[in-house]
Amino acid sequence: MEKKMETIAVLTSGGDAPGMNACIRSVVRTALAKGLKVKGILRGYAGLLKEEIIDMDSHSVSDIIERGGTILYTARCLEFKKPDVQQQAADILRKHGIDGLVVIGGDGSFAGARQLANLGINTIGLPGTIDLDIACTDYTIGFDTAVNTAMEAIDKVRDTSSSHERCNIIEVMGRNAGYIALWCGIANGAEDILLPERYDGDEQKLINHIIDMRKQGKKHHIIINAEGVGHSTSMAKRIEAATGIETRATIIGHIQRGGSPTCTDRVYASIFGAKAVDLLLEGKSKRVVGYRKGEFVDYDINEALAMKKDIDDYTFEVSKWLVR
Ligand code: ADP
Ligand code: F6P
């Protein structure tokens, strides 16, 4: 007979994202409300291997819904890709009486969760990354906050860009994905948006566009460049040399990863957390929760990891029509 679910654990893994705390809080409080015991695993899979496991009660998650980062800390743990290390982790979870594990992170963290599920640990993945690069979901914890942080920073650069009649390249995060860049490009009214999924590397076309826009009377030229395209500083130098227009590069960086989560991030992260607990109580394992077409859903981890996602063509076209 299958063992009754009594104790679950939660960890955060990979890059942190605003809203992870709201999610942890929800896992803990939903589990307690439904009669489960809850443990927190510190520092992702690295902490699991070192048995950095703490008991959590309702007060452990007091005053965190509004805080960025993750109270459980996070880490990248390359050795977790090794089968013997995964077996060791599964044994540790069993030793601590953990019947179910909630992993908050990105695709890499889900690959680790899948291995634990294959070793008999009931595991649920929750999408937590500012990059929005998880194919099975239209929403990931932290994206909304990150994109709003970037948008506000870019508004400020735009002010000084207009005053000095400059060209400014602003680089936003996203690893290999251009979602933050595309959203900021539209929200900030950028003249050009360079996405790793779409940019063909034709710098001369970019330069011609800057010159054309200037002739049409544009006072500034804002280029949102995705981290996946990169090279913003050297690109700025080449643009200035080719156009004669003063050009500056700003790399927004880790500011995008911190800060108090938006209302959307707090609420969706809370629902993700509760859903993970419910799935475990239903006896489900090896699932990833997502939000798609207006509904909270869940997928088999293999199915979720095999899905592909791309920039929406219509959205990208719209961004170009709005530049005149
Ligand atoms: P994210 O979860 O945001 O995609 P990473 O790709 O850095 O971030 O992955 C986070 C952690 O997940 C890694 O440090 C490692 O511990 C674990 N991980 C990543 N890929 C695998 C894999 N193929 N098998 C097992 N664990 C993995
Ligand atoms: O995945 C989140 C993210 O911030 C990416 O946008 C970026 O490429 C990466 O993490 C940066 O990682 P680190 O904090 O290790 O520099």
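Residues numbered from 1 in each chain as written. Chains lettered and ligands numbered in written order. Predicted model: local features only at pLDDT ≥ 70, side-chain atom pairs only at ≥ 80, totals over all residues. Heavy atoms only, no water.

1. Some remarks on the pattern of salt bridges
- Applying the stated criterion to the full structure yields 19 salt bridges.
- Of the charged contacts, one joins arginine 94 and aspartate 91 as a salt bridge, the two residues approaching to 3.9 Å between their closest N and O atoms. In this pair, arginine 94 and aspartate 91 are both assigned in helix H3 (residues 83–95), 3 residues apart and thus about one turn of the helix distant.
- In this structure arginine 94 comes out as partly exposed when scored by relative accessible area, which is 42%.
- Using a relative accessible area of 40% as the deciding quantity, one classes aspartate 91 as partly exposed.
- We note a salt bridge from glutamate 240 to arginine 248, for which the minimum N-O separation is 3.8 Å.
- Each of Arg166, Glu240, Glu246 and Arg248 takes part in salt bridges that share partners, so that together they form one network. (Salt bridge = Lys/Arg side-chain N within 4 Å of Asp/Glu carboxyl O. Helix = DSSP H or I, 4+ residues; strand = E, 2+ residues; numbered from the N terminus. Buried < 20%, exposed > 50% of the residue type's maximum accessible area, 1.4 Å probe, protein only.)

2. With respect to the environment of glutamate 203
- Here glutamate 203 is to be found in helix H7 (residues 203–215).
- Each C-alpha atom, one on glutamate 203 and one on threonine 7, is 56 Å from the other, the two residues being 196 residues apart in sequence.
- Discounting residues that sit within four places of it in the chain, glutamate 203 has contacts with Met235 and Arg238. (Contact = heavy atoms within 4.5 Å.)

3. Thoughts on the site of ligand 2
- Taken together, Arg76, Thr129, Ile130, Asp131, Met173, Gly174, Arg175, Glu227, His254 and Arg257 make up all the residues around ligand 2.
- Separating an oxygen atom of ligand 2 from a side-chain N or O atom of arginine 175 is a distance of 3.3 Å.
- Contact with the protein chains covers 76% of the free accessible surface of ligand 2, which is 390 Å².
- The residue inventory of the shell around ligand 2, partitioned by class, reads 2 nonpolar, 3 polar and 5 charged. (Near = heavy atom within 4 Å. Polar contact = N/O pair within 3.5 Å; in protein donor to acceptor, adjacent residues only side chain to side chain. Areas by Shrake-Rupley, 256 points an atom, 1.4 Å probe, with all protein chains shown as cover. Nonpolar A, V, L, I, M, F, W, Y, C, P; charged D, E, K, R; others polar.)

4. Structural notes on the sheet that holds strand S1 (residues 7–12)
- Ordered in space as S3-S2-S1-S4-S5-S10-S11, the 7 strands form an open sheet in which the pairing is mixed. The strands lining the two open edges of the sheet, one partner per strand, are strand S3 (53–56) and strand S11 (295–300). In this sheet, adjacent strand axes meet at a mean angle of 25° when their direction is disregarded.
- Sheet topology note: the S1/strand S2 (residues 37–41) ladder contains 4 bridges and is parallel. Bridge assignment links threonine 7 to a residue of S2, and that residue is lysine 37. (Pairing = 2+ DSSP bridges. Axes fitted to C-alpha atoms, helices over the stretch in contact; angles between N-to-C directions.)

5. Regarding the sheet that holds strand S9 (residues 247–251)
- What the 4 strands build is an open sheet, ordered S7-S8-S6-S9; its pairing is parallel. Edge strands, defined here as strands with exactly one partner in the open sheet, are strand S7 (192–194) and S9. Ignoring which end each strand starts from, the neighbouring axes of this sheet average 15° apart.
- Two strands pair when backbone bridges link them, and strand S6 (residues 167–172) and strand S8 (residues 221–226) are joined in this way by 6 bridges, in the parallel orientation. Its bridge partner lying in S8, cysteine 167 is registered against histidine 221.

6. As for the side chain of asparagine 168
- Position of asparagine 168 among the secondary structure elements: in strand S6.
- Judged by its relative accessible area of 6%, asparagine 168 falls in the buried class.
- There is a polar contact of 2.7 Å between the side chain of asparagine 168 and the side chain of serine 161.
- Setting aside anything within four residues of it in sequence, one finds asparagine 168 in contact with Val157, Ser161, His221, Ile222, Ile223 and Arg248.

7. Overview of the site of ligand 1
- Neighbouring ligand 1 are 14 residues, the closest being Arg76, Cys77, Gly106, Gly108 and Ser109.
- Between an oxygen atom of ligand 1 and a main-chain N or O atom of cysteine 77, the distance comes to 2.6 Å.
- In isolation ligand 1 has 550 Å² of accessible area, and contact with the protein removes 81% of it.
- With 5 residues, helix H4 (residues 107–118) is the single largest residue contributor to the shell around ligand 1.

8. A look at the domain arrangement of the protein
- Examined at the domain level, the protein breaks down into domain 1 (7–142 + 261–306) and domain 2 (144–257).
- Between domain 1 and domain 2, the C-alpha centre-to-centre distance is 34 Å.
- Tallying the contact residues gives 14 residues for domain 1 and 12 residues for domain 2.
- Summed over the shared surface of domain 1 and domain 2, the result is 2 salt bridges.
- Its salt-bridge partner being arginine 257, residue aspartate 16 comes within 2.6 Å of it at the nearest N-O pair.
- At the boundary of domain 1 with domain 2, the tally comes to 8 residue pairs in polar contact (both at pLDDT 80 or more).
- In the side of domain 1 that touches domain 2, the residues fall into 5 nonpolar, 4 polar and 5 charged. (Domains from an automatic or database assignment.)

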